[in-house]
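Here is how the chains run, residue by residue.
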Amino acid sequence: MKKRVFSGVQPSGSLTIGNYLGAIRNFARLQYEADCYFCVVNLHALTVPQDPEELKKNTLDVARLFVACGIDPNVSAIFVQSQVPAHAELSWLLECQGYIGELKRMTQFKDKAKKRENVSVGLFTYPVLMAADILLYNTDLVPVGEDQKQHLELARDLALRVNNRFREEVFKVPEPYIPPKNSGGRIMSLQNPAEKMSKSAENPKSYIALLDPPEVIQKKIMSAVTDSEAVIRYDEEAKPAVSNLMVIYSLFSGKTMEEITRLYAGKGYGQFKKDLAELTVETLKPIQQKVAELSAPGAIEEILKKGAEKAEETAAEKLRLCQDKLGVLRF
Ligand code: ATP
Ligand code: LTN
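Quick caveat: nothing in here was measured; it's all calculated off a predicted structure.

**Things to note about the site of ligand 2**
And then number 1: The immediate surroundings of ligand 2 are formed by 13 residues, with H44, Y126, M130, D133 and Q148 found nearest.
And then number 2: A distance of 3.5 Å is found between a nitrogen atom of ligand 2 and a side-chain nitrogen or oxygen belonging to Q10.
And then number 3: Between ligand 2 and the protein, one listed contact pairs a nitrogen atom with a side-chain N or O atom of Y126 at 2.7 Å.
And then number 4: Surface burial for ligand 2 is 92%, taken as the share of its 360 Å² of free accessible area covered by protein chains.
And then number 5: Those elements giving two or more residues to the shell around ligand 2 turn out to be β1 (3–9) and α7 (121–135).
And then number 6: Per-element accounting of the shell around ligand 2 gives the leading share, four residues, to α7.

In structure tokens form, the structure reads like this:
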């Protein structure tokens, strides 16, 4: 039996190379060995204020980027979370199994809550909706970046709690699939190597969006922070900014850290950044071309409809089972 893979990406802005290297690149790789579901989690994006028209546009753009990054809609189900109401329904059932204490420990919640005056209830319960996404599909593997590790742990805890209560496997207990930091698991901000690159960051110079035009990519990389040593070598502790640029270089070129160090021995950061910018532009070019092709009216909607139909079937069965177990009447 093929393994089941599920992952989600929020349409909370324009996808970055962090999203690509940490998660989406692996989606495309896994699809030929596993039965895959890839979801644009628009309900998660609502946990912080969104402009409604912008959110609709971003939702379709993320789906287009999934396809442009190599996810084949004839192989994997690509769909929008709100098109399968079972996600929100199971989320409520799971909220009633989760504890306030465990949600209060979520570091992403603490970080995001700190940055705003009004914190929505949805931002607090966000990880439970994520658990519902995953558990609805009997998921074995969840490809995500390192920042999602704690959320995944919660999904596992909730699954085990329900299974223990009913002494049977109501939910499959999912495993994380996270690349190591030097392979894209955590791409850092170009302006502050202590923070992860994030598509909803205020300063656009901190990230490279997959749809950024070449001149913008060049400018952002040339103005990325470095250090005063002027030597290109990988040292996460002592040289976090340069090491982050090297990870991006390495993943886009296939070169090892040692090869990169050798290549730039005696050359300053200027040449390295110039080449990295070129490499990034070249890597993103085919993705951007594919997105443009998918912008024909109705093209992506067709793919998403088909994906939602497939997802709905699997999800409805698990939701029914869970409702029955908890005593939620249906007739
Ligand atoms: P937001 O800024 O709105 O919180 P985000 O950029 O963190 O969004 P998500 O939609 O939360 O993006 O994440 C989509 C996927 O990309 C997740 O699997 C997440 O772990 C991964 N990811 C996000 N940022 C990075 C990063 N900087 N490095 C590696 N993976 C990342
Ligand atoms: N919380 C995730 C997005 C997400 C997700 C999921 C990822 C929502 N539901 C299910 C994997 C599986 C994030 O990337 N911030």
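**Here's the deal with the state of the cysteines**
And then number 1: All told, the structure shown has zero disulfides when counted by the stated rule.
And then number 2: C96 takes part in no disulfide bond, and the closest cysteine sulfur, belonging to C322, lies 10 Å away.

**Describing the packing of helix α1 (residues 17–30) against helix α10 (residues 240–253)**
And then number 1: The interhelical angle for the contact between α1 and α10, taken along N-to-C directions, is 55 degrees, at an axis separation of 12 Å. By the angle between their axes, α1 is oblique relative to α10. Crossing handedness for the pair α1 and α10: left-handed. Between α1 and α10, the residues in contact are I17, Y20, L21 and R25 and I248, L251 and F252, respectively.
And then number 2: For the contact of α1 with α10, the class distribution of residues is six nonpolar, no polar and one charged.

**Observations regarding helix α3 (residues 52–68)**
And then number 1: For α3, spanning 17 residues, the distance from its first C-alpha to its last is 24 Å, which sits close to the expected 24 Å at 1.5 Å a residue.
And then number 2: All buried positions along α3 are accounted for by L55, N58, T59, D61, V62, A63, R64, L65, F66, V67 and A68.
And then number 3: Two residues or fewer past α3, G70 is found with a positive phi of approximately 110 degrees.

**As for the packing of helix α4 (residues 86–95) against α7**
And then number 1: Contact pair α4 / α7: the axes reach a minimum separation of 8 Å and the direction vectors enclose 120 degrees. Here α4 lies oblique to α7, going by the angle between them. The handedness of the crossing between α4 and α7 is right-handed. Residues H87, A88, L90, S91, L94 and E95 of α4 form the contact with α7, whose own contacting residues are T125, V128, L129, A131, A132, D133 and L135.
And then number 2: Taken together, the residues of the contact of α4 with α7 break down into eight nonpolar, three polar and two charged.

What counts and how
Residues numbered from 1 in each chain as written. Chains lettered and ligands numbered in written order. Predicted model: local features only at pLDDT ≥ 70, side-chain atom pairs only at ≥ 80, totals over all residues. Heavy atoms only, no water. Near = heavy atom within 4 Å. Polar contact = N/O pair within 3.5 Å; in protein donor to acceptor, adjacent residues only side chain to side chain. Areas by Shrake-Rupley, 256 points an atom, 1.4 Å probe, with all protein chains shown as cover. Helix = DSSP H or I, 4+ residues; strand = E, 2+ residues; numbered from the N terminus. Disulfide = S-S within 2.5 Å. Axes fitted to C-alpha atoms, helices over the stretch in contact; angles between N-to-C directions. Parallel < 35°, antiparallel > 145°, perpendicular 65-115°, else oblique. Left-handed = near helix turned anticlockwise from the far one by under 90°. Contact = heavy atoms within 4.5 Å. Nonpolar A, V, L, I, M, F, W, Y, C, P; charged D, E, K, R; others polar. Expected span 1.5 Å × (residues − 1). Buried < 20%, exposed > 50% of the residue type's maximum accessible area, 1.4 Å probe, protein only.

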